Amino acid sequence: MTVIDTVKAAFSSDKHHQSTTSTSTTTTSTPTPTTATTPAPPTQPNPAGAAPPTPISPDADMSSKGTPALSDKPVFDAEKITVIFVLGGPGAGKGTQCDRLVKDYGFKHLSAGDLLRAEQTRPGSTYGAMIKEYITEGKIVPMEVTIKLLENAMSDTLSSPPSAPGWESSHGRFLIDGFPRKMDQALKFDAAVCQSSFVLFISTTEAVMLERLLERGKTSGRDDDNRESITKRFRTFIETSMPVVDYYRKRGNVVEIDSSPPVDVVYDKVRVEIDQRLGLLPGAGSRTSTTNTTTDTTSTATGGIAPPLLEKPVV
Ligand SMILES: Nc1ncnc2c1ncn2[C@@H]1O[C@H](COP(=O)(O)OP(=O)(O)OP(=O)(O)O)[C@@H](O)[C@H]1O
Ligand SMILES: O=c1ccn([C@@H]2O[C@H](COP(=O)(O)O)[C@@H](O)[C@H]2O)c(=O)[nH]1
């Protein structure tokens, strides 16, 4: 039996791991994933004005079945905290565009893959071996682990917010890169961590992605930047992650950008969309896209994603 088989069995038999009480408190006796950064003290008030943050400690916050416990209501207030999901196939250029957005808009960039890789190599991690196997196989790590890592990283960031636009008065703005990759993650993150705002979908062809990944693999040191893992990642993306994009697309909450052109050209298009969504353009009253986007002005009632930023500017 592989690590994945063992973990799958454990996680699938843990459908009711969450607290049944109406509060977001959780048990504090066994390990939980933590970020690689210095954790915030458990007693620190949540600067986003929401419920107190989950304690960030390797020895906190596990369900009775040994999986990280998630809140039964959003930990962060979506009126103050803006979350943009950045999705796209492996190697499409998500991280590259996020790096630029961080510089220009003060976003905090959280890559789910980076958080998982950090947890994988963190000494003493309960999940290290399991994460390694999932990543090498191009599979999606059980959602509890990834969501808890993201929640912890958000708490961490809000404990010492960047001096950047969008972070005044307990507000904040996050780019969550490479997540959600599976429907259960999407629904759970919105319900337990923070209602997301919209999806920035960075898309190009498999041939372009393959070429970029093989080139990146010469220096990246990543276990999965090799032809065999890349093939598996592509399959997972089509079968498991595209339904997430389609789900949000149906709700009119996807901004799609073709990432085939050079980085600067792609970024120019990304900026137009972000400016529009953040309400920074003079003509921002219209949500009609100037690029290859999919938007819907009537979509939020069915839930899943918060109103576009235009309706709650954070600057
Ligand atoms: N528009 C572009 N044109 C040419 N090369 C690009 C472009 N965007 C990104 N790249 C290059 O392609 C590679 C993959 O980009 P990046 O790491 O941003 O992708 P990603 O979508 O974050 O990948 P992953 O999902 O695997 O983490 C990098 O080497 C990057 O420099
Ligand atoms: O939500 C997620 C995000 C990522 N993974 C795993 O990590 C690797 C690498 O992700 P990148 O975004 O390319 O850095 C991915 O193939 C998955 O195995 C995950 O399980 N869940």
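Treat the numbers as computed from the prediction; the structure is a model and nothing was measured.

Its location among the elements puts Glu 133 in helix α4 (residues 128-136). The exposure class of Glu 133 is partly exposed, given the 19 C-beta atoms found within 10 Å. Note: C-alpha distance between Glu 133 and Asp 223 (90 residues apart in sequence) is 9.9 Å.

Structurally, the position occupied by Ile 140 is in the loop between α4 and α5 (143-159). In this structure Ile 140 comes out as partly exposed when scored by C-beta crowding, with 19 C-beta atoms within 10 Å. For the pair Ile 140 and Arg 222, spaced 82 residues apart in the sequence, the C-alpha separation amounts to 16 Å. In contact with Ile 140, other than residues within four places in its own chain, are Tyr 134, Arg 181, Lys 182, Thr 236 and Thr 240.

This paragraph deals with the site of ligand 2. Ligand 2 sits among 18 residues. The nearest are Ala 112, Gly 113, Val 141, Gly 178 and Phe 179. Looking at the shell around ligand 2, the elements that each hand over two or more residues are α3 (112-121) and α4. For the shell around ligand 2, the leading source of residues is α3, giving 3 residues. In the shell around ligand 2, the residues fall into 8 nonpolar, 6 polar and 4 charged.

Turning to the pairing of strand β5 (residues 253-258), a few remarks are in order. Summarising burial for β5: 5 of the 6 residues are buried, a large majority. Summarising the sheet, strand β4 (residues 198-203) and β5 pair through 5 bridges and their orientation is parallel. Across the sheet, residue Ser 203 finds its bridge partner in β5, namely Asp 258.

Quick look at the UniProt feature "binding site: ATP" (unreviewed entry) in the protein now. Under the present numbering, the feature "binding site: ATP" (unreviewed entry) in UniProt falls on Gly 91, Ala 92, Gly 93, Lys 94, Gly 95, Thr 96, Arg 216 and Pro 261. Counting through the fold element by element, Ala 92 comes out in the loop between β1 (81-87) and α2 (94-105). The exposure class assigned to Lys 94 is buried, which follows from the 23 C-beta atoms found within 10 Å. Here Lys 94 is in contact with Val 86, Gly 88, Asp 177, Gly 178 and Ile 202, once residues within four sequence places are set aside.

The rules behind these values
Residues numbered from 1 in each chain as written. Chains lettered and ligands numbered in written order. Predicted model: local features only at pLDDT ≥ 70, side-chain atom pairs only at ≥ 80, totals over all residues. Helix = DSSP H or I, 4+ residues; strand = E, 2+ residues; numbered from the N terminus. Buried ≥ 20, exposed ≤ 12 C-beta atoms within 10 Å, placed from the backbone. Contact = placed C-beta atoms within 7 Å. Near = placed C-beta within 6 Å. Nonpolar A, V, L, I, M, F, W, Y, C, P; charged D, E, K, R; others polar. Pairing = 2+ DSSP bridges. UniProt positions renumbered as here; feature names shortened; annotations may be inferred.

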